[in-house]
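Residue-level listing of the chains:
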Amino acid sequence: MRITLLNIALFLVLAAPLPCLAQTFTDVAPIIRTKCSTCHKPGQTGPFSLLTYEDVTKRLSFIRDVVQRGYMPPWKADNSYVHFANDRTLTDRERSLLLQWIDNKAPRGKGPDTARLEVASIPGTSYYRKPDLVLKAKDSFHVTGDNIERYIIFKIPFELKDSFNVEAIEFYCNNKKLIHHANYAIHSVPDPSIDIDHTDSLINLTEDDRRKFDQYQPYRKTITYYGGWIPGTSYESYPKDIGWVMPKRGVILLTVHFAPTAVDETVQLGANLFFKKLLYSAG
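Below is a short write-up of the structure. Note that the coordinates shown come from a computational prediction; the quantities given were computed from them, not determined experimentally. (Residues numbered from 1 in each chain as written. Predicted model: local features only at pLDDT ≥ 70, side-chain atom pairs only at ≥ 80, totals over all residues. Heavy atoms only, no water.)

## A short note on the pairing of strand β7 (residues 225-229)
Okay, step 1: Along β7, the buried face is formed by Y225, G227 and W229; none of Y226 and G228, which line the opposite face, is buried.
Okay, step 2: Both strand β5 (residues 179-188) and β7 contribute to a ladder of five bridges, which runs antiparallel. Bridge pairing in β7 links A182 to W229. (Buried < 20%, exposed > 50% of the residue type's maximum accessible area, 1.4 Å probe, protein only. Helix = DSSP H or I, 4+ residues; strand = E, 2+ residues; numbered from the N terminus. Pairing = 2+ DSSP bridges.)

## Focus: the packing of helix α4 (residues 60-68) against helix α5 (residues 92-103)
Okay, step 1: Put simply, α4 and α5 touch, their axes get as near as 10 Å, and they point 150 degrees apart. When the interaxial angle is binned, α4 and α5 end up roughly antiparallel. For α4 against α5, the interelement crossing comes out left-handed. In contact with L60, I63, R64, V67 and Q68 of α4, α5 contributes R95, L98, L99, W101, I102 and D103.
Okay, step 2: Residues belonging to the contact of α4 with α5 are distributed by class as follows: seven nonpolar, one polar and three charged. (Axes fitted to C-alpha atoms, helices over the stretch in contact; angles between N-to-C directions. Parallel < 35°, antiparallel > 145°, perpendicular 65-115°, else oblique. Left-handed = near helix turned anticlockwise from the far one by under 90°. Contact = heavy atoms within 4.5 Å. Nonpolar A, V, L, I, M, F, W, Y, C, P; charged D, E, K, R; others polar.)

## Topic: α5
Okay, step 1: When the terminal C-alpha atoms of α5 are compared, their 16 Å separation across twelve residues agrees well with the 16 Å that a helix rising 1.5 Å per residue should span.
Okay, step 2: Every buried residue of α5 is listed here: E94, L97, L98, L99, W101 and I102.
Okay, step 3: Contact partners of the buried residues in α5: α2 (25-35), α3 (53-57) and α4.
Okay, step 4: The first or second residue beyond α5 is K105, which carries a positive phi of 70 degrees. (Expected span 1.5 Å × (residues − 1).)

## Section: the nonpolar core
Okay, step 1: One finds M246, L254, F258 and L269 to be the most contacted residues of the largest nonpolar core, which totals 34 residues.
Okay, step 2: Tallying contributions element by element places strand β4 (residues 163-173) first for this core, with five residues.
Okay, step 3: Not counting chain neighbours up to four residues away, the residues in contact with M246 comprise L135, F158, L160, S163, F164, V166, I186, L273 and F275.
Okay, step 4: C36, V56, L97 and L99 belong to the second-largest nonpolar core, a separate cluster that totals 22 residues. (Core = buried A, V, L, I, M, F, W, Y, C linked by side-chain atoms within 4.5 Å.)

## Description of the sheet that holds β5
Okay, step 1: Across the sheet, five strands lie side by side as β6-β3-β10-β5-β7; this open sheet has antiparallel pairing. Looking at which strands have only one partner, the edges of the open sheet turn out to be β6 (202-204) and β7. Sheet twist, expressed as the mean angle between neighbouring strand axes with direction ignored, is 15 degrees.
Okay, step 2: Examined bridge by bridge, strand β3 (residues 150-159) and β6 share three bridges and lie antiparallel to one another. Note on β6: the bridge partner recorded for I153 is I203.

## Some thoughts on the side chain of N272
Okay, step 1: Assignment of secondary structure puts N272 in strand β12 (residues 269-280).
Okay, step 2: With a relative accessible area of 2%, N272 lands in the buried category.
Okay, step 3: Here the side chain of N272 touches G124 through a polar contact of 3.0 Å, landing on its backbone oxygen.
Okay, step 4: With residues up to four places along the chain from it excluded, the contact list for N272 reads G124, T125, P131, L133, V134, A168, I169, E170 and Y172. (Polar contact = N/O pair within 3.5 Å; in protein donor to acceptor, adjacent residues only side chain to side chain.)

So this is what it looks like as structure tokens:
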């Protein structure tokens, strides 16, 4: 009886699937490309790039620590409650592969992904195609390098030839390292008697009189869309039969929290819009 149980146990061990082992950088490159390099590249929020083998290997102990603790990639949603389509967390298999590769002294290998992580990108967007419309703040904003955080509301007026069904929308910024977070609301202002152009183009909530915001109140009778951006997020897109309509005339009120910085910098801000092919008509 003892021999029989031993034989059964040995059979189960041999029949069990072998764990996935990360042999070279080629095995982990797709994980880093999709879960790390989207933020860790020039112009994005990551404080350093993770585009090349050298970029990754000089920070192995740090990467191992934040991956093992689940600190990176950033994801605040509770996955035990519901699954999100844009979940950025590492799967158990991805985490295991990455940690095994690091513990195995991070061999480079000779595969096609060992020289450089080619992150497919179109300048100014993380979406798969160019935006149909880019709405930007009137002027570039100068961020003073005095280590003071600031809250600024940018007014972006627009008048389009027609209304459009929205396929995706994305917060636009040419230097996201300066941004702690952003929120933006799209307000339809169809009444031509309401001036959307000659009110202040921005309000500095940190240093200005906050009562200046009252000039924006006529725009806020209705709200078409409300969204936001935090580090680690990209665009918001919709299934084929779901979405919302970009109005012909209105304003975007974009509230940006600028993180403290010690260096003077200039930043451009706005929103990228991607329209469905079907033109929406209000009738």
